[in-house]
Amino acid sequence: MRLPTVDDVERLIPRPDDFTSRARGTGLSARVGIVLGVAFGICFLTGLWSHVQYDPPGWLPIGPQPTQLYRITQGTHVITGIASIPLILVKLWSVFPRLFIRPPRGPRALLVEALERASIGALVGASIFMLASGLLNIAQWYPWDFSFRATHYAVAWVAIGSLLVHIAVKLPVIRQALGAPLDEGTDDGPNDSPDERPTDDDLLTRRTVLGGALVSAGLAALLTAGQTVPFLRKISVFAVRDGEGPQGLPINRTAKAAGADETAMDPNFVLELIVGGTTMTFDREQLAALPQQTHRLPIACVEGWSRNAEWTGVSVRDLIALAGADPRSDIVVRSLQTKGAFGVSVLPKQFVEDPRTMLALELNGETLSLDHGYPCRIIAPNRPGVLQTKWVQQLEVRS
Ligand SMILES: Nc1nc2c(c(=O)[nH]1)N[C@H]1C(S)=C(S)[C@@H](COP(=O)(O)O)O[C@H]1N2
Ligand SMILES: [Mo]
């Protein structure tokens, strides 16, 4: 018995010609690629926006107006991300045989090929990571140890950077492919002769694959959009939060999961308001005895779901005025939460100044339920849901 040689092994690896589906081709790759590129671009920009809304930099003090802005940008982010999944699958299928093109001879050609493959590897890896991590985050399943936000943000730059390199490198091929109708040309196999005509079957399959990719992307978008767009809610089977929950609003994290259930129900609960060196306290009855206001404001979760609701409570700027604080101050909001993230948030002054920003006591005309933040929670216009802190225990005004 002899050991297998390199040639023996090489014969086992398929060649691009072994993939016979005539539906593949640059015409399909380029067209699916354009739609995917647009979806990625929108997803990237809305993702960047979410990143700065979450933690507005000093030079861009994003405020409470427009009230529904984050709802729209974050809804769009998740919809375009989900629509990209069928598109990327078709795109990868379409170019898959090219993976098996044999390396060219000569060090220079080899180097160029290696660089191109590395950039495509980065693009494919980063894209799959973005879609998979986003999807798992929506499902609230965190099988990783790293910070979702920091990593999803960092890899987004790798994805968009390698996408731009990829487009630049492929521009001549893309131009040529788009210049010709989908029906024309061949399947881009290395042995195609230019005069090889596609058969009727080829045309059918090419159009079917392209149409199928677009229809699945459209369906994915439509079936997700209901979590943002009220009239699509009934068909929103992909939406993670179905819009149901106590008091007509989904619940993100329960009081029990946050380790706040017992303290929140404690009859001796008091809210602490710290201004300068002094602390004022209010029990729930005292809060309810203060002038109340009602506004229709959204909860807009980073996971893409959002919902408007009627909130009633005490205006934060009126409340801190009782302690003589300037409404142009940031406020540190601390909750009763003992487990997990998001127990503390900072309310920047542009939100404190808006009279609609409130410490809510009621939701849709009823006392706030425990899981929606009883005894009281922050509700401010145009804030990422994750910063609408529930079970508030302390407000500390920063001078
Ligand atoms: N203390 C605290 N507040 C919180 C959270 C949390 O985990 N802890 N989750 C936030 C998130 S991510 C969202 S989307 C909203 C959802 O509010 P709801 O559960 O009342 O719908 O609450 C926010 N407030
Ligand atoms: Mo959220």
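Reading the values: the criteria
- Residues numbered from 1 in each chain as written.
- Chains lettered and ligands numbered in written order.
- Predicted model: local features only at pLDDT ≥ 70, side-chain atom pairs only at ≥ 80, totals over all residues.
- Heavy atoms only, no water.
- Domains from an automatic or database assignment.
- Contact = heavy atoms within 4.5 Å.
- Buried area = accessible area lost by both parts, 1.4 Å probe.
- Salt bridge = Lys/Arg side-chain N within 4 Å of Asp/Glu carboxyl O.
- Polar contact = N/O pair within 3.5 Å; in protein donor to acceptor, adjacent residues only side chain to side chain.
- Helix = DSSP H or I, 4+ residues; strand = E, 2+ residues; numbered from the N terminus.
- Nonpolar A, V, L, I, M, F, W, Y, C, P; charged D, E, K, R; others polar.
- Pairing = 2+ DSSP bridges.
- Axes fitted to C-alpha atoms, helices over the stretch in contact; angles between N-to-C directions.

**Observations concerning the domain arrangement of the protein**
- Looking at the assigned domains, one finds that the protein contains domain 1 (6-232) and domain 2 (247-397).
- For domain 1 versus domain 2, the distance between C-alpha centres works out to 41 Å.
- Contact with domain 1, which involves 22 residues of that partner, is made by 24 residues of domain 2.
- The junction of domain 1 with domain 2 conceals about 1900 Å² of combined surface from both sides, 49% of it contributed by carbon and sulfur atoms.
- Where domain 1 touches domain 2, the interface holds 0 salt bridges.
- Between the two partners, domain 1 and domain 2, sit 11 residue pairs in polar contact (both at pLDDT 80 or more).
- Of all the secondary structure elements, the ones that give two or more residues to the side of domain 1 that touches domain 2 are α2 (26-54), α3 (69-95) and α4 (107-138).
- The greatest single-element share of the side of domain 1 that touches domain 2, amounting to 6 residues, is contributed by α3.
- In the side of domain 1 that touches domain 2, the residues fall into 9 nonpolar, 12 polar and 1 charged.

**As for the sheet that holds strand β1 (residues 271-275)**
- Ordered in space as β2-β1-β10-β5-β6, the 5 strands form an open sheet in which the pairing is mixed. Looking at which strands have only one partner, the edges of the open sheet turn out to be β2 (278-282) and β6 (344-347). For this sheet, the mean inter-axis angle between neighbouring strands, taken without regard to orientation, is 20°.
- Bridge count between β1 and strand β10 (residues 392-397): 4 bridges; the pairing is parallel. Across the sheet, residue Val275 finds its bridge partner in β10, namely Val397.

**Details of unusual backbone geometry**
- With an omega of -15°, the peptide bond running from Gln65 to Pro66 counts as cis.
- Here Pro66 is to be found in the loop between α2 and α3.
- The omega torsion of the bond from Tyr374 to Pro375 falls at 10°, within 30 degrees of zero and hence cis.
- You can see Pro375 is positioned in the loop between β8 (366-367) and β9 (377-379).
- Look at Gln247: it is not a glycine, yet its phi comes out positive at around 60°.
- Its location among the elements puts Gln247 in the loop between α6 (200-225) and α7 (261-265).
- Notably, Phe342 is not glycine yet its phi reads approximately 75°, a positive angle.
- By the secondary structure assignment, Phe342 is in the loop between β5 (331-335) and β6.

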